[in-house]
Structures are given as structure tokens and as C-alpha cells.
Amino acid sequence: MKPVILAFETSCDETAVAVVRGTEVLSNVLSSQVDLHSRFGGVVPEVAARAHVEAIRSLTHRAMVEAGLHTDDLDAVAATEGPGLVGALLVGFSFAKATAWARQLPFVGVDHMEGHLMAPRIDHGEAFRPPAVSLLVSGGHSEIVLVHDWGEYEVLGRTIDDAAGEAFDKLARVMGLGFPGGPAIDAASEGGDPKAVSFPRALSDRPYDFSFSGLKTAVATFIERAARSGDLPPLADVAASLQEAIVDVLVDKTFRAVDDTGVRVVSGGGGVIANRRLRRRLAEEADKRGVTLCLPPPVLATDNAAMIGVAAVHHLSLGHVSDWATGVDPGLRLG
Ligand code: KG4
Ligand code: ZN
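Heads up: these notes are all about the structure in this document. (Residues numbered from 1 in each chain as written. Chains lettered and ligands numbered in written order. Predicted model: local features only at pLDDT ≥ 70, side-chain atom pairs only at ≥ 80, totals over all residues. Heavy atoms only, no water.)

Next up on the list: the coordination of the zinc ion (ligand 2). Of the protein atoms, only His-112 (NE2), His-116 (NE2) and Asp-303 (OD) coordinate the zinc ion (ligand 2), at distances of 2.0 to 2.1 Å. Coordination of the zinc ion (ligand 2) draws on donor residues from a single chain, spaced H-x3-H-x186-D in sequence. In this pair, His-112 and His-116 both sit in helix 4 (residues 112–118), four residues apart, roughly one turn of the helix. Judged on exposure class, the residue His-112 and its partner His-116 are both buried. (Donors = N, O, S within 2.8 Å, 3.2 Å for Na, K, Ca; no water. Helix = DSSP H or I, 4+ residues; strand = E, 2+ residues; numbered from the N terminus. Buried < 20%, exposed > 50% of the residue type's maximum accessible area, 1.4 Å probe, protein only.)

The next subject is the packing of helix 2 (residues 45–67) against helix 3 (residues 86–103). For any two helices packed against each other, the geometry is given by the interaxial angle and the distance between the axes. Interaxial distance between helix 2 and helix 3 falls to 9 Å at its minimum, and their mutual angle equals 25°. When the axes of helix 2 and helix 3 are compared, the pair comes out roughly parallel. Here the hand of the crossing between helix 2 and helix 3 comes out right-handed. Only Gly-87, Ala-88, Val-91, Gly-92 and Phe-95 of helix 3 make contact with helix 2, whose side of the interface consists of Ala-49, His-52, Val-53, Ile-56, Arg-57 and Thr-60. Along the lines of polarity and charge, the residues of the contact of helix 2 with helix 3 split into six nonpolar, four polar and one charged. (Axes fitted to C-alpha atoms, helices over the stretch in contact; angles between N-to-C directions. Parallel < 35°, antiparallel > 145°, perpendicular 65-115°, else oblique. Left-handed = near helix turned anticlockwise from the far one by under 90°. Contact = heavy atoms within 4.5 Å. Nonpolar A, V, L, I, M, F, W, Y, C, P; charged D, E, K, R; others polar.)

So, about the sheet that holds strand 6 (residues 132–137). Across the sheet, which stays open at both edges, the five strands sit in the order 8-7-6-9-10 with mixed pairing between neighbours. Looking along the sheet, the strands with just one partner apiece sit at the ends: strand 8 (152–158) and strand 10 (292–294). For this sheet, the mean angle separating the axes of adjacent strands, direction not counted, is 20°. In the sheet, strand 6 pairs with strand 7 (residues 142–149) via six bridges, with the strands oriented antiparallel. In the strand pairing of strand 7, Leu-135 is matched with Ile-144. (Pairing = 2+ DSSP bridges.)

As a further point, take the sheet that holds strand 1 (residues 4–9). Within the open sheet, the five strands sit side by side as 3-2-1-4-5. Their pairing is mixed. In the strand order of this sheet, the two ends are held by strand 3 (24–32) and strand 5 (107–111), each with one partner. With direction set aside, neighbouring strand axes in the sheet form an average angle of 20°. As judged from the six bridges shared by strand 1 and strand 2 (residues 14–21), these two strands associate in the antiparallel manner.

What follows covers the packing of aromatic side chains. With the rule as written, the count across this model stands at six aromatic pairs. Aromatic pair Phe-8 and Phe-95: ring centres 5.5 Å apart, planes at 65°, arrangement edge-to-face. Here Phe-8, found in strand 1, pairs with Phe-95, found in helix 3; they are 87 residues apart in sequence, far enough to count as distant. Under the relative-accessibility criterion, Phe-8 is labelled buried at 1%. Residue classification places Phe-95 among the partly exposed residues on the basis of a relative accessible area of 23%. With a centroid separation of 5.0 Å and an interplanar angle of 80°, the aromatic rings of Phe-128 and Trp-150 are classed as edge-to-face. Separated by 22 residues along the polypeptide, Phe-128 in the loop between helix 5 (121–124) and strand 6 and Trp-150 in the loop between strand 7 and strand 8 bring together distant segments of the chain. When the ring centre of Trp-150 is taken as origin, the NZ or CZ atom of Arg-121, which lies over that ring, is 4.3 Å away. (Phe/Tyr/Trp six-rings, centres within 6.5 Å; stacked < 30°, edge-to-face > 60°. Lys NZ or Arg CZ within 6 Å of the ring centre and 35° of its normal.)

The next thing to look at is helix 8 (residues 213–229). The first and last C-alpha atoms of helix 8 sit 25 Å apart over 17 residues, in line with the 24 Å expected at 1.5 Å per residue. The set of residues buried in helix 8 consists of Leu-215, Val-219, Ile-223 and Ala-226. Angular distribution of buried residues about the axis of helix 8 spans 75°; they occupy a single face of the element. Projecting away from the buried face of helix 8 at angles above 90 degrees are the exposed residues Glu-224, Arg-225 and Arg-228. If you follow the buried residues of helix 8, they end up packed against helix 6 (164–174) and helix 9 (235–261). (Expected span 1.5 Å × (residues − 1). Arc of directions from axis to C-beta.)

With that settled, consider the pairing of strand 9 (residues 265–269). Across the five residues of strand 9, five count as buried, placing the element largely inside the fold. On strand 9, burial covers both faces: Val-265, Ser-267 and Gly-269 on one face and Val-266 and Gly-268 on the other are all buried. When strand 6 meets strand 9, the two strands line up parallel, connected through four bridges. Across the sheet, residue Ser-134 finds its bridge partner in strand 9, namely Ser-267.

Given below as C-alpha cells:
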């Protein structure tokens, strides 16, 4: 019997609750705090934690109603343990633990990045199986992970400065496009020429590590100079060009890992995987090599609780349950 799990994700600015049965999603609801934070140009941790407290009870009710289940039907409760903002994590984790305790159900703490890594299992089923190379790109983390087996991860490379999502967010701020920056740049790049401006790509030094801070400086300098001399290209061209600079690096390094390891399955997870250009380019490279590409749909790429539930199903299948004394770990690292 596949376990039915109530899962929570509150590591950043989305209060998310889901019910899964195995890898089947019975409900997946969330309340985004974007409007609360946008006037500050970024997530304010204390504001995020309070908003989670306000939203979590009614969202849980909604998730159960949409799943058509009663709490008696649950086999376990899961929540994100880290990484993330400590106050935000604490809300979902404590609420989940209390729910599990009250019903005497097993409680499973999940690594947020493992959640992102496992998200493609929801739509791709058995096609997504180790060994695989996974590109994980969120607001706070960018990693290329060699998945030897479920739960057995080797981080081949990570960012040495800004995460890919962070780079999108900072660049959008430089361009005056608002927050969050990834979706704004994705939209602004529509119809733009990705070759209009040649921005730097940090490809060389370490084969699988990322560095995006140089790009931010290059774009800021370019816009300032072009604005001063009055020859600023159309916004769509600048957006498409800087997006291409990020995408080029992500695609190049991911497939370098695929070629070096010889795996036949490539996957992705994290908010940046919602990017349309990145999805297209990953698909083209996978096609060229005849490898299987398993990407989650955009709603399961950005933060959600269904991915936490699916990762918890795996832990439960191995009998891994968290101790009641377990706390959140804002600095949790995969592998
Ligand atoms: O995984 P995620 O939802 O939250 C974290 O765990 O951080 O990732 C959020 C990041 C943000 O930086 C956001 O700008 C970026 O994902 N993002 C995108 C797109 N949608 C979200 N970046 C590029 N293109 C998108 N369409
Ligand atoms: Zn995330």
C-alpha cells in the first residue's frame, strides 16, 4: 500500500501544503507572499514567518478537503527541515510535528533540495531513475548533483557566489523589473534577441561550479554606460541576452557532467527550472545525446509541498522517521 502523507513546505516565502499517495499528488495548495515582500525588493524573514503562521491552518484544511480525505486516512506527516529561513522553517516544521504527535503518526523531516531533486518523480514515474545528473537551481542554491541512487547524492559542483535564482533576482533589480526577478526576466525576454548583447559566461575555472557575481557587475555597467550614451538596446534584447548568459552556463555544465559520468538520465529542480529558455535548451541538448530529460512542470519546479511529500515517501519506505527531538536546520546541505 502506498502511504498517504500530509506535507508542509515553509522554507521561504510560500506557505505550501500537499497530500500525496506515493508519487501521486492528491492536493497541492499554496499561498504566495510575493505581494507582501515585493515592496522591499526581497524576502523579509520576520514578515515571512508571520505570514506562514496566518496561512498554515486554513491551507491545511484546504489541502485535506481537496484530497477528499480525513486526518484518519493519513499514514505520516512531513515537513521541510532545511535549508531556509529559520523562522519560516519553524512554522511549518512545528505545525507538522504537532499534527503528527496529536495523531501519533510518524513524522519525517525533509531536505528542501532533496524535495526539488525528487519532484520529477511525480510526472515522470519510472523514467526518472538513478543514475542521473540533476541540475538544482533555486533562489538560494545552485548545484549539479550526481544521483547514484535515491538518497545517495554526490554534489559535483555548486555556486561559489550567487545562486542562479539570486542572479536573476539581482539582475531584475538592476533593470528595474521588480521581484521576484526570474519570472520577470523570463517574461521581459519574450521576442528579444539572445545574441543582442554579449555578456560574460564564467565557464572555465572549475568544471561544475558556478559563479554569477561577475555577470551582475557586467550587466549593471553595461546598462549604465548605454543609458548615458543614449544607445540602450530594447529591454527585451537585454533581458534575453542576460538570460542566455545564465542559461548557457547552466546547460554547459550540466551536460559536461552528463558526458563525463556517462549517465543516460538528466533531471532538474528548483524555481529557475521554470524558466522557458532553460527548459528549451536542456531539451535540445538531451535530444542531441539521446538521453532522457525529466523536468518537473513549472508549478512543481518552484517551491511546493508535493515534492516534500514525495521525498518523505522514499524515507518512509526505508523506515527513516525523524525523532521528536529533531529541530529545523537552516544550513542543511545535500550530500
Ligand atoms: O525553488 P524556489 O521556488 O525557491 C527557493 O528554494 O529559493 O526558487 C526561487 C527562485 C527565485 O530566485 C526566482 O526568481 C526563480 O527561482 N525563478 C525563475 C523563474 N521562476 C522562478 N528564474 C528564472 N525564470 C523563471 N521563470
Ligand atoms: Zn526551493
